[in-house]
Amino acid sequence: MDVFFQQIVNGLSLGGIYALIALGYTMVYGIIELINFAHGDVYTLGTFFSLAILTGLGVSGEMHGLPLVGVVLVTLIAAMLLCGLTGVLIERLAYRRLRNAPRLAPLITAIGMSFILENVMQLWHGPSPISFPEVIPNPAWALGGVEVSAKQIAVIGLAIVMMAALQLFIYKTKMGKAMRATAQDRDAAQLMGIDINTTIAVTFLIGSALAGAAGFVSGVYYGTTWFFNGFEAGLKAFTAAVLGGIGNVAGAMLGGFLIGLIEAIATQYIPGGAQWTNVVVFSVLVLVLIFRPSGLLGESLPEKV
Amino acid sequence: MQTIAATSRLAALAALVGLVGCSGTTTTTTSQSSSGSASAVAGATVIKIGIDMPVSGADASTGIPTRNGAVQAIEEADRKGAPAGFTFVAYDLDDAVQGVHDPAQGAQNTRAFVSDDAVLAMIGPFNSSVARAEIPITNDAGLAQISASATNPGLTKGPDAASLRTSHPDVNSFFRVCTTDDRQGAAGAQFARKLGLKKAFIVDDNETYGKGLADVFDAQFRSLGGTVLGHEHLTKGQTDYKALLTKANALGPDVIFYGGTTATGGGLLRKQMRDAGMAATAYLGGDGISDAEFETVAGDAANGVYYTVAAPETSKLPSAAGFVAAYKKRWSTDVGPYSANAYAAANIEIAAIEKAIVAGGAKTPARADVLKNVAATNGFPSPIGPIGFDKNGDTTNPILTVYKIANGKGVFVDQINLKS
């Protein structure tokens, strides 16, 4: 039974990273119905930015106490800002002009952006994996036979805090209202005096900033990264968004955690399970889509953001 | 209405995901450079030796030193003086795509060699999965191919090898100067038992090389009295192995045996063992984790890791001293685990070509003659000892080495000669 709960913890921490990335996919899809394939690479860029900031701050090993809190906050916020701005830039350069073009055109530019980002990162740090300083000390606590490490708590906690903040933003602020309006009917929103360009730019800013946060967390959690990291993570996060109901914030979160959990449990309880995790994950996705085509939470909340 | 729109959208998404899934792995940004290693003498007939290695991405740290060994042999032969009227040139291509060795790219490179009439022999590839894609092409063209490092047994032996010789079932074009995974897995199992390790949990990357290595270790470890607690295969692209390690840890193994390369998960697996509370468990692998990349990825956790290499330790061989010094002078770095092998492989091909030139009366030799000479190689002096090929194309000189990583460097532990 201990092993079962240990796998739940493993699954939740893996799912937390998927969830943070999935939020960005789902927001962008909700507002302009575009699958932003460059999003996974923005996430990788988040680890690269974090690494650059940590190197700039002269951090190479474990930190403690107040400096730790300072370094983590500075790096996290700076990485989020830089990724957010990258997202805005991508939207401005690659998607805005194509907003009224046939659906396929912006998808192709999204794939193009993905390749550009991957190659920029390959030029930046080379094609090989690079190591990431282990900033956070990683004590583990035994809770009745289950080991929970500080990093795991950080990943899960950050994912939940970010989602809660996002929900508040979308439902309690004026900009959030503008985003919801734009998602429902762009033309009508414009007629009501909403600045569509700004609203969409803010959506990209927030979505990409969340990918930046995920990038920082994954760098700290895995202690390594490379330019192609975002491909697999992006695919899983996208799956999470679809599973939860694309366009739905809580759904993306739920989908991310579910996929993490399914992977961990499948690994444990299927003999030779490690090689079947993707099969199980995508089978669950197919089943869910057959019975609930709009995803787990897709219908209960008609407002997409 | 909304639901219908959403459904059709999702169908489109699914199609696109498939599309992107493909393009992500096959559309490539390889940097292929064909570098003429020597300035061709004006008027001389150029003879090219193709070299196919992964020289970008995670595989570059072992691929580049291997390529360098071959290039060095070709340069030396050319400087020493090719037979009158001829000049030797290295024609090297990269088979890594998105930073990982790629069979389709390797096949494409091999076709490039085959379609170039000046190419009379080739070195490579580095990886067994790539070799599998290339052997049918060299078999069809009758082009002699020697790998310095592809260690999967099925490339030369048994029905697997026969199935690769598609065009000319009775002709073998593929040779190797390294020994094979059945030997490497056997050496690993022998060594693990020598250390007194009883219970093993085996993980492999499900590739030709990794699974082959792990399967042999699995069988050998059992036959030497060890217990195998589990044998799992990783999924390509996976980066989180905590769930797998939690499962392994619950069974209480003495050693984790990893069949695969650093790029396919070997480094991360070791690193995450610490987070899973397995820092004290031994970790043993094949030459796939012998690269510098492994230390970058695994960090401090790399220390204490054992790995086997299907080649002799060049610094322990008096015959290799001259090569080691020359390599350092030429490339300004130390030799890689397979540099000497590639050097030996290239020299065998050069000797075969020269012999064919002499026999043919100074005409450009046919590929078939070169191939025949390579196959007849016996007792060829090289830095790694006298090399000959058996009827399958395997070396008759199977020496393996075990290393242990200490302070981020592989330190020689044991040399195992499996000559039977």
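Residues numbered from 1 in each chain as written. Chains lettered and ligands numbered in written order. Predicted model: local features only at pLDDT ≥ 70, side-chain atom pairs only at ≥ 80, totals over all residues.

**Observations concerning the overall build of chain A**
For clarity, the threshold we go by: Counting from the N terminus, the helices are DSSP H or I runs at least four residues long and the strands are E runs at least two residues long. A radius of gyration in this sense is built from C-alpha atoms; the matching globule rule multiplies 2.2 Å by the number of residues raised to 0.38. Think of it this way: build a C-beta for each residue from its backbone, and any pair within 7 Å is a contact.
Looking only at helices and strands, chain A features 11 helices and four strands. Relative to the compact-globule value of 19 Å for 305 residues, chain A shows a C-alpha radius of gyration of 19 Å, a close match. Its C-alpha atoms give chain A principal-axis dimensions of roughly 60 × 50 × 35 Å. Of the contacts made within chain A by residues no fewer than 6 positions apart, 78% connect residues no fewer than 24 positions apart.

**Details of the interface of chain B and chain A**
The test is simple: Nonpolar residues are Ala, Val, Leu, Ile, Met, Phe, Trp, Tyr, Cys and Pro. Charged residues are Asp, Glu, Lys and Arg, and all others, Gly as well, are polar.
Tallying the contact residues gives 39 residues for chain B and 38 residues for chain A. Mapped by element, the contributors of at least two residues to the side of chain B that touches chain A are α1 (2–26), α2 (60–81), β9 (227–233), α8 (242–251), α9 (262–275) and α10 (292–298) of chain B. Among the elements that line the side of chain B that touches chain A, the one with the most residues is α1 of chain B, at nine residues. Tallied by class, residues from the side of chain B that touches chain A come to 13 nonpolar, 19 polar and seven charged.

**Focus: the domain arrangement of chain B**
Residues and elements named next belong to chain B. Basically, it comes down to this: Marked domain ranges trace back to an automatic or database domain assignment.
Under the domain assignment, chain B is made up of domain 1 (45–179 + 316–389) and domain 2 (181–309 + 401–417). With centres defined by C-alpha atoms, the gap from domain 1 to domain 2 works out at 29 Å. Top contributing element to the side of domain 1 that touches domain 2 by residue count: helix α4 (residues 128–141), with three residues. Split into classes, the residues belonging to the side of domain 1 that touches domain 2 amount to four nonpolar, nine polar and three charged.

**Digging into the sheet that holds strand β1 (residues 45–53) of chain B**
Residues and elements named next belong to chain B. Operational definition: Here, a strand pair is defined by DSSP locating no fewer than two bridges between the strands. Axis angles are defined between N-to-C directions and span 0 to 180 degrees, where every axis is a line fitted to C-alpha atoms and, for a helix, only to the segment in contact.
In space, the five strands of this open sheet follow the order β2-β1-β5-β6-β7, with parallel pairing throughout. The two strands at the open ends of the sheet, each matched to only one other strand, are β2 (86–94) and β7 (174–176). Across the sheet, the mean angle from the axis of one strand to that of its neighbour is 25°, orientation sign disregarded. Relative to β2, β1 runs parallel, the two sharing nine bridges. Looking across to β2, one finds that I47 is bridged to F88. Along the sheet face, α2 touches β1, β2 and β5 (119–123) and points at about 170° away from the line of β2.

**Thoughts on the sheet that holds strand β8 (residues 199–204) of chain B**
Residues and elements named next belong to chain B. Taking strand neighbours across the sheet as the criterion, the seven strands line up as β9-β8-β10-β11-β12-β13-β14 in an open arrangement whose pairing is mixed. The open sheet has two edge strands, β9 and β14 (409–417), and neither has a second partner. Taken over all neighbouring pairs, the strand axes of this sheet differ in orientation by 20° on average, direction set aside. Bridge count for strand β12 (residues 306–309) against strand β13 (residues 399–406) is four bridges, and the pairing is antiparallel. For T308, the partnering residue across the bridge sits in β13 and is V402.

**Observations regarding helix α12 (residues 339–359) of chain B**
Defined as follows: Expected helix span is computed as 1.5 Å times (number of residues minus one).
The terminal C-alpha atoms of α12 of chain B, which comprises 21 residues, lie 30 Å apart, in line with the 30 Å expected from a rise of 1.5 Å per residue. One or two steps after α12 of chain B, the chain reaches G361 of chain B, where phi turns positive at roughly 70°.

**A short note on the packing of helix α1 (residues 2–32) of chain A against α8 of chain B**
Convention followed: Working rule for angles: under 35 degrees goes down as roughly parallel, over 145 as roughly antiparallel, 65 to 115 as roughly perpendicular, anything else as oblique. Left-handed is the label given to a crossing in which the near helix is rotated counterclockwise from the far helix by less than a right angle, and right-handed is the label when the rotation is clockwise.
In contact at an axis separation of 9 Å, α1 of chain A and α8 of chain B are set at 160° when each is read in the N-to-C sense. It follows from the interaxial angle that α1 of chain A and α8 of chain B lie roughly antiparallel. As α1 of chain A packs across α8 of chain B, the resulting crossing turns out to be right-handed. Note on element contacts: α8 of chain B touches α1 of chain A through K242, A243, T246 and A250 of chain B, opposite V3, Q6, Q7, N10 and G11 of chain A. Taken together, the residues that form the contact of α1 of chain A with α8 of chain B break down as three nonpolar, five polar and one charged.

**Some thoughts on the pairing of β14 of chain B**
All names here are of chain B. For β13 and β14, the ladder comprises eight bridges, and the chain directions are antiparallel. Directly across from L400, in β14, lies its bridge partner I416. Hairpin connection of β13 to β14: two residues between the antiparallel strands, including N407 at a positive phi of 50°.

**Quick word on the pairing of strand β11 (residues 282–285) of chain B**
All names here are of chain B. Rule in force here: Consider the strands pointing away from the viewer: the crossover is right-handed when the path from the first strand over the helix to the second runs clockwise.
The pairing of strand β10 (residues 255–259) with β11 spans four bridges and is classified as parallel. Of the residues in β11, the one forming a bridge with F257 is L284. Two elements, β11 and β12, share two bridges in a ladder whose sense is parallel. When the sheet's bridge partners are listed, L284 is paired in β12 with Y306. The β-α-β motif built from β11, the intervening α10 and the parallel element β12 has right-handed crossover chirality.

**Brief notes about helix α6 (residues 174–184) of chain A**
Three or four residues apart is the spacing at which side chains of an α-helix point the same way, because the helix has 3.6 residues per turn. Residues and elements named next belong to chain A. Formally: Neighbour counting defines burial: a residue surrounded by 20 or more other C-beta atoms within 10 Å of its own C-beta is buried, one with 12 or fewer is exposed, and intermediate counts give partly exposed, using backbone-placed C-beta atoms. Summarising the geometry, the arc corresponds to the directions from the helix axis toward the C-beta atoms.
Residues A178, M179, T182 and A183 constitute the buried set of α6. Down the axis of α6, the buried side of the element spans an arc of 135°, and every buried residue falls inside it. Elements that come into contact with the buried residues of α6 comprise α1, α5 (150–172), α7 (186–191) and α8 (196–222).

**Focus: the packing of α1 of chain A against helix α9 (residues 229–244) of chain A**
Residue and element names in this part refer to chain A. Orientation of α1 relative to α9, taken along the N-to-C sense of each, is 65°, at an axis distance of 8 Å. Crossing geometry of α1 relative to α9 is assigned as right-handed. Packed against α1, whose contacting residues are Y18, A19, I21, A22, Y25, T26 and Y29, the element α9 presents A233, G234, K236, A237, F238, A240 and A241 at the interface. Class assignment for the residues of the contact of α1 with α9 results in 11 nonpolar, two polar and one charged.

**Details of unusual backbone geometry**
Excluding glycine, most residues fall at negative phi; most peptide bonds, likewise, are trans. All names here are of chain B. The amide bond that connects G124 to the next residue, P125, takes the cis arrangement and shows omega of 0°. Summarising the element assignment, P125 is placed in the loop between β5 and α4. The phi dihedral of S332 falls on the positive side, at around 60°, and the residue is not glycine. Under the C-beta neighbour-count criterion, S332 is labelled exposed, with 7 such atoms within 10 Å. The phi angle at N407 is positive, at roughly 50°, despite the residue not being glycine.

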